[in-house]
Amino acid sequence: MKTSRRSFIRGTAAAAAGTALIGCDASRGAKDPLDASLKWEKAPCRFCGTGCGTLVGLRKGKVEAVTGDPDCPVNKGLLCAKGYSLPSILYGEDRLTHPLLRKGDSYQKISWDEAIGITAEKFQSAIDQHGPKSVGIYGSGQWTVQEGYAAQKWFKGGLRSNNIDPNARLCMASAVVGFLTTFGSDEPMGAYDDLDYADTFVLWGNNMAEMHPVLFNRVLTRKKQGHHVKLIDITTRRTQTSAYADEVVLMNPQGDLAIANGIAHYLISHDKLDHQFIEDLCTFRQGKTEPGYGTEDHFKFKPEPKPISFEQYKALVAEYTPKRVEELAGIPQEQFLRLAKEFANPAARVMSLWCMGVNQHVRGTWMNNLIYAVHLLSGKIGKPGSTPFSLTGQPSACGTCREVGTLAHALPADGHVKNPEHRAKAEKIWGVKPGTIDPKPGYHTMAMFRALDRGDLKVMWVQVTNPYVTIPNLNRYRDSKQKKRDDSFLIVSDIYPTPTTALADLILPSAGWIEKEGVFGNSERRHQQWNKLVEPPGEARPDVWQTAEVARKMGFKELFPATETLEKDLYMEFRQFTLNTGKDVPDYEVLRQTNGGVRWPYVNGKETIYRYVPGHDPYAKGEHRMDFYKAKKTGNRAVVWFRPYEPAAEIPDDSYPYWLCTGRVLEHWHTGSMTRRVPHLHQAVPYAYCEVHPDDAAKLGITPGAKIRITSRRGSVELPASIDRRAVPKPGSVFVPFFDEALAINDVTLDAFCHMSKEPDYKKCAVKVEKV
């Protein structure tokens, strides 16, 4: 096993706190004087959900440099490889600069007045002929709070359509439903501060070194502070993270369900429970099992939850003995016991961290529930360094998709369209008639694209994302759009040409990052505001402007009155939803004046670090050490769910004998539409590849770099083999990153999803591997 640390070191540590000029490597420390010839302004990074602060160097209306902001409490001056490349993402030669309308097989430039008019006419015509359910808007965790709020307000309060969903459905939906079903409210109770106090870090399917490198640096800093600090990596492939781990728990795909249940059984059978915490603050539930995998159109599911006693829960998890865990998860019993004992040690502060490995899972909600269960049973929650912490993959998947509620079922601040009180509140704030908001949820992401494929959705507007690279079982959805182009009208707003703009009927050029004003909300409930610092190229415009102009053109001027302070006004209106709910966000001017942002709930001029903890959270009351005050349906008690092991939707067989897992790499952001235009990032990883275990490679006669074919029941892709390099999968498994639009691995993946969150499982399907 030759996995080295050099990729992580090159991407993060060597660039630590440096300044990256366009086309240059980082070469200076954060404590060095800033270039006095540049004007320096603050803005949050626009990549992952960490929320790093940056200092942006400007000259003559252009971004010429960026460095980490040493005064930002999130990153303290450090940035990752992508963060240091921020200037370059704005200045690719092929930026979209004018609205473009398809004419046959080509596009022609049109004016914004024409583009707004066409968009409004297409939406209105579809609604007139087919009703509000015939239109949809597909957004992103890269939407600013204001952009998402504008789309939410226009669709649900204006068009009376709930067909709005973000690409965060593909990455964070299971986390959302996991929080809601356990605590009655979305988003973490802990904060990044916990990284500085934990004794044991348990990473559940999370390659943190590459996906959240700045936060991983804090983990490594904590490890350096004492020999007792441990890092346990639960994974299906040895990664850059594994190279730093004290223990690598190499499990079978889907084995995490067995591991978590096994820990719960161990805590009970060895009487290592926090009995007082459970008695005061927990309740037990069981839901429907064998619910299906969502591969069919019009999939429906009813969870059917029911209360159970602790004794019933104890009997249900009794199956998950160390031997049974070994059988299901493929890990040695002695290794499992070492992991379980970390949760059983009352003196150990344990912090669980996870992201896509848990969320992109056909039982993703269950896995979130199970991680919370082991923390609740052991009482390792609500204490500095002891917390379950769900990481976020996009800069405002939390602030926009989850808090604003740009999901097909949601309204702001944990609101739900099915709840009449929530609808009435939204209708009052938006100034629309009672009964305007449809009580039936709209299409979630996979249902939306299936509806587009069937012809049920007549008009779709895609903003700030690239679905015709990211949707699983991509052949179905891309091919149908190509073949049935006249059945629907597709509008795409983006900053660069992508495979999604290539299918568009109308392309709208967007402003990016600091070419507009906005707010992001990060993984630790922190809202960060920035001002517009440079002009966008050509006629590119912010997405919030585009949405508001179309809404006004359609007659919804009362929803978007003319104002010079649109971004501030939208944020302040959104804030009304949050006040007195335990999700209170600060005044816009507070955000403007606070370096690094503010964590909610923000009450009486103070942010909250530890949610649900009396003395920290102003809403937390009572005699116990935590108060789950948002869990009204369960008597202010957190739910310990029984969620059994169930197999993946598709497992290897004689015809397709290998597991396929997909994911990201350090150097590239999602589909690479920005980072592949940054020369040094593209040169570092110029194309996708397939990681193969050396034993499998030898058996198949595959050598490093050889072209191989990966085939599933849905499609195939040919790409070079990577053997024993930056990461190594478990025997019988292969891994392919999805950033390369020319080698589209999602032609191969399966569009099965979590029955509760509707989030697809990109980590498990069956493939065959052949040498070409």
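Check the entry above for the structure.
Please read these numbers as outputs of a predicted model, since none were measured by experiment.

What counts, and at which threshold
- Residues numbered from 1 in each chain as written.
- Predicted model: local features only at pLDDT ≥ 70, side-chain atom pairs only at ≥ 80, totals over all residues.
- Heavy atoms only, no water.
- Helix = DSSP H or I, 4+ residues; strand = E, 2+ residues; numbered from the N terminus.
- Rg over C-alpha atoms; globule rule 2.2 N^0.38 Å.
- Buried < 20%, exposed > 50% of the residue type's maximum accessible area, 1.4 Å probe, protein only.
- Contact = heavy atoms within 4.5 Å.
- Areas by Shrake-Rupley, 256 points an atom, 1.4 Å probe, with all protein chains shown as cover.
- 1 Å grid on protein atoms, 1.4 Å probe; cavity = no way out; pocket = protein on both sides within 12 Å on 5 of 7 lines; lining within 4 Å.
- Points joined across faces, edges and corners; volume = space filled by probe spheres on them.
- Nonpolar A, V, L, I, M, F, W, Y, C, P; charged D, E, K, R; others polar.
- Pairing = 2+ DSSP bridges.
- Expected span 1.5 Å × (residues − 1).
- Arc of directions from axis to C-beta.
- Axes fitted to C-alpha atoms, helices over the stretch in contact; angles between N-to-C directions.
- Parallel < 35°, antiparallel > 145°, perpendicular 65-115°, else oblique.
- Left-handed = near helix turned anticlockwise from the far one by under 90°.
- Phe/Tyr/Trp six-rings, centres within 6.5 Å; stacked < 30°, edge-to-face > 60°.
- Lys NZ or Arg CZ within 6 Å of the ring centre and 35° of its normal.

Q: Before we go on, may I ask you to explain the overall build of the protein in this structure?
A: The secondary structure content of the protein amounts to 24 helices and 32 strands. For 772 residues, the compact-globule estimate of 2.2 N^0.38 gives 28 Å, and the C-alpha radius of gyration of the protein, at 25 Å, lies within 12% of that figure. Counting across all 772 residues of the protein, residues that qualify as buried make up 66%. Taking the intrachain contacts of the protein between residues at least 6 apart in sequence as the baseline, contacts between residues at least 24 apart amount to 73%. By element, 49% of the accessible surface of the protein is carried by carbon and sulfur atoms, the whole surface being about 26400 Å².

Q: Is there a simple way to think about empty space enclosed by the protein in this case?
A: Per the counting criterion, the structure on display carries three cavities of 30 Å³ or more. Quantified by volume, the second largest cavity comes out at close to 110 Å³. In terms of lining residues, the second largest cavity is bounded by 14 residues, among which Cys45, Cys48, Thr50, Cys52 and Cys80 are the most central. Tallied by class, residues from the lining of the second largest cavity come to nine nonpolar, four polar and one charged.

Q: Explain the side chain of His444 here, please?
A: Within the secondary structure layout, His444 lies in the loop between helix 16 (420–430) and helix 17 (445–454). Those residues in contact with His444 that sit more than four places away from it in its chain are Asp165, Arg169, Ala408, Phe753 and Lys758.

Q: Whenever I open this one, the pairing of strand 9 (residues 200–204) confuses me. Can you help?
A: In summary, the side chains of a regular strand alternate between the two faces of the sheet. Of all five residues making up strand 9, five are buried, and the element is well covered by its neighbours. Burial along strand 9 is two-sided: Thr200, Val202 and Trp204 facing one way and Phe201 and Leu203 facing the other are all buried. The pairing of strand 9 with strand 10 (residues 230–235) spans five bridges and is parallel. In the strand pairing of strand 10, Val202 is matched with Ile232. Where strand 9 meets strand 15 (residues 350–354), five bridges bridge the pair, whose relative direction is parallel. Residue pairing across strands places Trp204 opposite Trp354, the latter belonging to strand 15.

Q: What is the right way to read helix 3 (residues 112–130) from this model?
A: Note on helix geometry: an α-helix contains 3.6 residues per turn, so any two residues three or four positions apart are oriented the same way. Compared with the 27 Å implied by 1.5 Å per residue over 19 residues, the 27 Å span of helix 3 between its first and last C-alpha is a close match. Of all the residues in helix 3, the buried ones are Trp112, Ala115, Ile116, Thr119, Ala120, Phe123, Ala126 and Ile127. For helix 3, the arc enclosing every buried residue in end-on projection is 130°, short of the 170-degree limit, so these residues lie on one face. Of the exposed residues in helix 3, those oriented more than 90 degrees away from the buried face are Asp113, Asp128 and Gln129. Each element contacted by the buried residues of helix 3 is listed here: strand 7 (135–139), helix 4 (145–159), strand 19 (459–463), strand 20 (489–494), strand 21 (506–509) and helix 20 (543–553). Phi turns positive, to about 95°, at Gly131, one or two residues after helix 3.

Q: Can you help me understand the packing of helix 5 (residues 173–183) against helix 14 (residues 364–378) in this one?
A: Helix packing for two helices is described by the angle between their axes and how far apart those axes are. Between helix 5 and helix 14, whose axes approach to 8 Å, the crossing angle comes to 45°. By the criterion of interaxial angle, the relationship of helix 5 to helix 14 is oblique. Remark: the crossing between helix 5 and helix 14 carries right-handed chirality. Taken together, the residues of helix 14 that come into contact with helix 5 (itself represented by Ser174, Ala175, Val177, Gly178, Phe179, Thr181, Thr182 and Phe183) are Gly364, Thr365, Asn368, Asn369, Tyr372 and Leu376. The residue inventory of the contact of helix 5 with helix 14, partitioned by class, reads six nonpolar, eight polar and no charged.

Q: I would appreciate a short explanation of the sheet that holds strand 23 (residues 526–530) in the present structure.
A: Strands in a sheet are paired, the pairing made by backbone hydrogen bonds, and the direction either parallel or antiparallel. Taken in spatial order, the three strands of this open sheet run 22-23-24, and their pairing is antiparallel. Only two strands of the sheet have a single neighbouring strand rather than two, namely strand 22 (518–521) and strand 24 (598–599). Where strand 22 meets strand 23, four bridges bridge the pair, whose relative direction is antiparallel. Of the residues in strand 23, the one forming a bridge with Gly521 is His527.

Q: Got a minute to help me understand the packing of aromatic side chains in this structure?
A: Each aromatic ring pair is characterised by the separation of its centres together with the angle its planes make. Enumeration over the complete set of coordinates arrives at 31 aromatic pairs. Plain terms: the ring middles of Phe47 and Trp669 are 5.6 Å apart, the flat faces sit at 65° to each other, and that makes the pair edge-to-face. In this pair, Phe47 sits in the loop between strand 2 (39–44) and strand 3 (53–59) while Trp669 sits in the loop between strand 26 (658–663) and helix 23 (679–684), placing the two residues 622 residues apart along the sequence. A residue is classified by how much of its surface remains accessible, and Phe47, at 2% relative accessible area, is buried. Owing to a relative accessible area of 3%, Trp669 belongs among the buried residues under this scheme. Pairing Phe299 with Phe753 gives two aromatic rings, centres 5.7 Å apart and planes at 85°, and the pair type is edge-to-face. Remark: Phe753 occurs in the loop between strand 31 (733–737) and strand 32 (765–771) and Phe299 occurs in the loop between strand 13 (282–286) and strand 14 (306–308); sequence separation between them is 454 residues. Judged on exposure class, the residue Phe299 and its partner Phe753 are both buried. Clustering of aromatic rings is evident, with ring pairs tying together Phe179, Phe183, Phe277, Trp354, Tyr372, Tyr612, Tyr619, Phe628 and Tyr629. Across the ring face of Tyr496, the terminal group of Arg95 is positioned such that the distance to the ring centre comes to 5.9 Å. If you follow Lys153 out to its NZ or CZ, it ends over the ring of Phe560, 5.3 Å from the centre.

Q: Before we go on, may I ask you to explain unusual backbone geometry in this structure?
A: Comment: phi is negative for the bulk of residues other than glycine, and the bulk of peptide bonds are trans. A cis geometry characterises the amide bond from Trp600 onward to Pro601, with omega recorded as -5°. Mapped onto the elements of the fold, Pro601 is located in the loop between strand 24 and strand 25 (638–642). Within the chain, His298 stands out as a residue other than glycine whose phi angle is a positive 60°. Here His298 lies in the loop between strand 13 and strand 14. On the accessibility criterion, His298 (56% relative accessible area) is exposed. Although it is not a glycine, His670 adopts a positive phi angle of roughly 50°. Positionally, His670 belongs in the loop between strand 26 and helix 23.

Q: Even after reading the chapter, I still don't get the sheet that holds strand 31, so can you show me in this structure?
A: The six strands lie next to each other as 26-31-27-29-28-32, forming a closed barrel whose pairing is mixed. Between one strand and the next, the sheet's axes are offset by a mean angle of 45°, whatever the strand orientation. As judged from the four bridges shared by strand 28 (residues 707–711) and strand 32, these two strands associate in the antiparallel manner. Opposite Ile710, over in strand 32, you have Val769 as the bridge partner.

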